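# Commentary on secondary and tertiary structure
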Amino acid sequence: MTQPASNCPNCGAKIVFQWSSSVQTVCPYCKSILVRTDVDLEKVGKVADLPPDSSPIQLNTEGIYRSKSFVVIGRILYEYDQGGWNEWHIMMNDGKSAWLSDAQNEYAISFATTATGLPTASQVLIGQQYTWNKQRYTVSVITPAHYRGVEGELPFQYWDKTDVTFADLRSETGKFATLDFSDEQPALYLGEFVEFDDLKLKNLRSFEGW
Amino acid sequence: MFKKLYLAYGVLVLGGTGAAQYNGWSLDRVNQLKNVPKSVRDNPGSYRSVYGFYHHYTGGK
Amino acid sequence: MSTGTPPLSNPPKPQARALNCPQCGAAIVLRSLGHAETVVCASCHAILDAKDPNLRILQKFQVITGEDPPLIPLGTRGKLRGTDYEVIGFQRRSIKVEGIRYDWHEYVLFNPYKGTRYLTEYCGHWNDITVCKELPTVQFAAATYLGETFKHFQTADANTNYVLGEFPWQVRVDEHATATDYVKPPRMLSSEKIANEVTWSLGEYIYGADIWKAFNLPGTVPEPVGVYENQPSPVSDNVKAIWAGFLGFAVLLLIVMAGFDLTSNKSAVFEHTYIFQSGEPKGEASFVTDIFDLEGRTSNVELTTSANVDNAWIYLNYALINQDTGQAWDFGREVSYYHGYDSDGSWSEGSTKDSVVVPSVPAGHYYLRIEPEGDPKHPPVGYTVEVKRGVPVLGFFGIAFLALLIPAIVITWRSISFERARWSESDHPPIQIGNSEE
């Protein structure tokens, strides 16, 4: 896997991309948000200090999902009225990009999926049912959230967003889907809930007293 | 644990019943006597019975 | 710029924090490492915003401090299912059924990796509860979850009336939710509905003794009262097993009985008919029979007396005497048969046949000494004496059958009583048997 290296245009620190398809990253030294152009990195903003948050996962945490190992390379932090959650950007060992969400220590892994006929933010309602890949999903929660910060590598440009609406869909089998309405076009992520123990996570954060 | 208890109990009941039948036991009450003399064959009247539960009095021997 | 690890740019590491209550100044401990939404001051019972650095007051409620101390104190750690959890929150909730208020307690447990878990306690019955990730399907009077069907137990309006510690949601006192329980012992599927939001959770019954062990609690475990909705039945598994066992044994019993019956000698070793007339022959009524052989191992002897008594009786004093050893078995048998007609129809009493089984008679040469008695006024009675060797005693098999049956019946009855006690607390109580209510 090629690991292209560049320098941060703001502070000159060496930036290494773990994933060749990363579009954006955050300089770990000066917190500048850097977007990859054809030639070099361009600074587009700065990340505010992330709030104290208690996800046990951190950048470079490793784990296993369905016999494939993965490493955590980025994160998006969201907040809503009942708290916050993390969407950890993970890179599978076959080069695929996926998301490990941690919402109050409920973990799910999902993959970006293309689909047609997705509802818009104003059309989606709790209780609606959708079928994707022969699995039926029911809209369970609609969360107006706001973007709080980013860290590490992301597969798209994502910064300085304000309010974003998410719809969580659940199924009878543990399959899980998210509709992300941050952009004009709704984005669909399909995946499933996973147990902490099954992920066999390594290089986790430590907690004092635990 | 419970199933083993009933199993053991059932084996006991079955075994006990088999033993009872094999040894020729009975549910009836019968009195036993010893040393009945051979002379009873010639003189049946000389036999002294053991009065167990005797509900008709003969009024004499 | 070095290529070593960058300076710590991660957000500050969460630790248990100590703050002060804005209302009364008492110390507030936050144990859940940033997960709590609300925290309650143990001194003044103000409900505070745990995410606000100033602990903004959200609600106040009046209660006597220490009114309802949690059985597992806040901050206690215990191991459940191989994971350590810390008790961070506690609440008391109640429902009202037919005017009576029923209280139960809920404990919020926290682990920084595995998240939140709950324990509920009602009258000494405990449940280990997690929030469901998969969706159950609700049917008529039942719900299915992950392929298992749970029966509807109760729907009630639940009210929170006492809170302590930290909660990962916005807790308020006097908050109402519609709580529905479905049971499949030892598990329970519950739904909580507030406004339009439904949360499902799965509970598993856990014994108080296991809670005390897990959290290392002092003192004795409080005895549970009554039967709880998803309490596992101590006998139900055994019911099927015991009837299967009974069937097996009953079949074996039948085989043993058949075995003895088939190997028994059905023909008589001695048979003779006599006529008895009271008073004749003059003098001695007793007589002896010819000698007959009893063969084989020590077994029983069946003696059958058949008499043609018709509204009369005959009494026979028997002695089975071993010619060689002088051992004798002595017994008297009555044969009487009465019959007639009355206002109800025909009736009969007694029988013309009598059988007795003499036990444990060894092989040898035997004869019978017979002394008959009868009604002096009665015409002569004819009677046949029949001796058989080694007969099956049906009484033993009858007793054995009952002995095998009774435990099965007792177990089944106990199981039925247990289930009736369970469902008597539900929205679907069983029909009362008998006149009195327990």
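Calculation notes
- Sequence order as written defines residue numbering, which begins from 1 separately in each chain.
- Each chain gets a letter, beginning with A, and each ligand a number, beginning with 1, in the order they are written.
- Predicted model: local features are reported for residues with pLDDT of at least 70 only, side-chain atom pairs are reported and counted for 80 or more only, and whole-chain, interface and lining totals are derived from all residues.
- Simply put, an axis is a line fit to the C-alpha atoms, just over the touching stretch for a helix, and the angle between two N-to-C directions goes from 0 to 180 degrees.
- Numbering of helices and strands runs from the N terminus, with a helix taken as a DSSP run of H or I at least four residues long and a strand as a DSSP run of E at least two residues long.
- The cut-offs work like this: below 35 degrees is roughly parallel, past 145 is roughly antiparallel, 65 to 115 is roughly perpendicular, and the gaps in between are oblique.
- Throughout, a residue-residue contact means that the two C-beta atoms, derived from backbone geometry, are no farther apart than 7 Å.
- When residues are grouped by polarity, Ala, Val, Leu, Ile, Met, Phe, Trp, Tyr, Cys and Pro land in nonpolar, Asp, Glu, Lys and Arg in charged, and all others, Gly among them, in polar.
- When DSSP finds at least two bridges between two strands, those strands are taken to pair.
- The source of the domain bounds is an automatic or database domain assignment.
- With C-beta atoms placed from the backbone, the exposure class of a residue follows from how many other C-beta atoms lie within 10 Å of its own: 20 or more, buried; 12 or fewer, exposed; in between, partly exposed.
- Here, a nonpolar core means buried Ala, Val, Leu, Ile, Met, Phe, Trp, Tyr and Cys residues linked by C-beta atoms lying within 7 Å of one another.

## As for the packing of helix H1 (residues 2-22) of chain B against helix H3 (residues 394-423) of chain C
Interhelical geometry of H1(B) versus H3(C) gives an angle of 175° and a closest axis separation of 10 Å. The angle between H1(B) and H3(C) places the two elements in the roughly antiparallel class. Residue-level contacts link B:Tyr6, B:Tyr9, B:Gly10, B:Val13, B:Leu14, B:Thr17, B:Ala20 and B:Gln21 of H1(B) to C:Phe396, C:Phe397, C:Ala400, C:Ala403, C:Leu404 and C:Pro407 of H3(C). A breakdown of the residues in the contact of H1(B) with H3(C) according to their chemical character gives 11 nonpolar, three polar and no charged.

## Some details on the sheet that holds strand S5 (residues 41-46) of chain A
All names here are of chain A. Spatial ordering of the open sheet is given by S3-S4-S5, a layout of three strands whose pairing is antiparallel. Edge positions in the open sheet fall to strand S3 (24-26) and S5, since each of these has one partner strand only. Neighbour to neighbour, the strand axes of the sheet diverge by 30° on average, direction disregarded.

## Things to note about the arrangement of the chains
Sorting the two pairs of chains in contact by contact count puts chains B and C at the top. Regarding chain A and chain B, which are not in contact, the minimum distance between any of their C-alpha atoms is 34 Å.

## Some thoughts on the interface of chain A and chain C
Taken together, the 32 residues of chain A in the interface contact 28 residues of chain C. Taken together, the residues that form the side of chain A that touches chain C break down as 12 nonpolar, 12 polar and eight charged.

## So, the domain arrangement of chain A
Bring the parts together and some accessible area is lost; that lost area is often taken as the interface size. All names here are of chain A. The domain architecture assigned to chain A consists of domain 1 (5-46) and domain 2 (74-86 + 105-198). Just the C-alpha atoms count here: the centres of domain 1 and domain 2 sit 26 Å apart. Of all the secondary-structure elements, those providing two or more residues to the side of domain 1 that touches domain 2 are S3, strand S4 (32-36) and S5. With three residues, the single largest contributor to the side of domain 1 that touches domain 2 is S3.

## Let's talk about the environment of A:Ile76
All names here are of chain A. With respect to the helices and strands, the residue Ile 76 is situated in strand S7 (residues 68-80). Residue Ile 76 is classed as buried on the basis of its 23 C-beta neighbours within 10 Å. In sequence terms Ile 76 and Tyr 158 are 82 residues apart; their C-alpha atoms lie 8.4 Å from each other. Apart from residues no more than four positions distant in its own chain, Ile 76 is found in contact with Glu 87, Tyr 147, Val 150 and Tyr 158.

## Observations regarding the interface of chain B and chain C
Contacts between the two partners involve 37 residues from chain B and, on the opposite side, 46 residues from chain C. Looking at the side of chain B that touches chain C, the elements with two or more residues in it are H1 and strand S1 (31-33) of chain B. Tallying contributions element by element places H1(B) first for the side of chain B that touches chain C, with 12 residues. The residue makeup of the side of chain B that touches chain C, split by class, is 18 nonpolar, 15 polar and four charged. Relative to strand S22 (residues 328-342) of chain C, S1(B) runs antiparallel, the two being bridged by three bridges. From the neighbouring strand, B:Leu33 faces S22(C), where its bridge partner is C:Ala328.

## Overview of the nonpolar core
Counting residues in each nonpolar core, the largest one holds 49 residues, and the members touching the most others are C:Ile314, C:Tyr318, C:Ala319, C:Leu320, C:Trp329 and C:Val358. Those residues in contact with C:Ala319 that sit more than four places away from it in its chain are B:Tyr47, B:Ser49, C:Ala328, C:Trp329, C:Asp330, C:Leu368 and C:Arg369. C:Tyr85, C:Ile88, C:Phe153 and C:Leu189 belong to the second-largest nonpolar core, a separate cluster that totals 43 residues.

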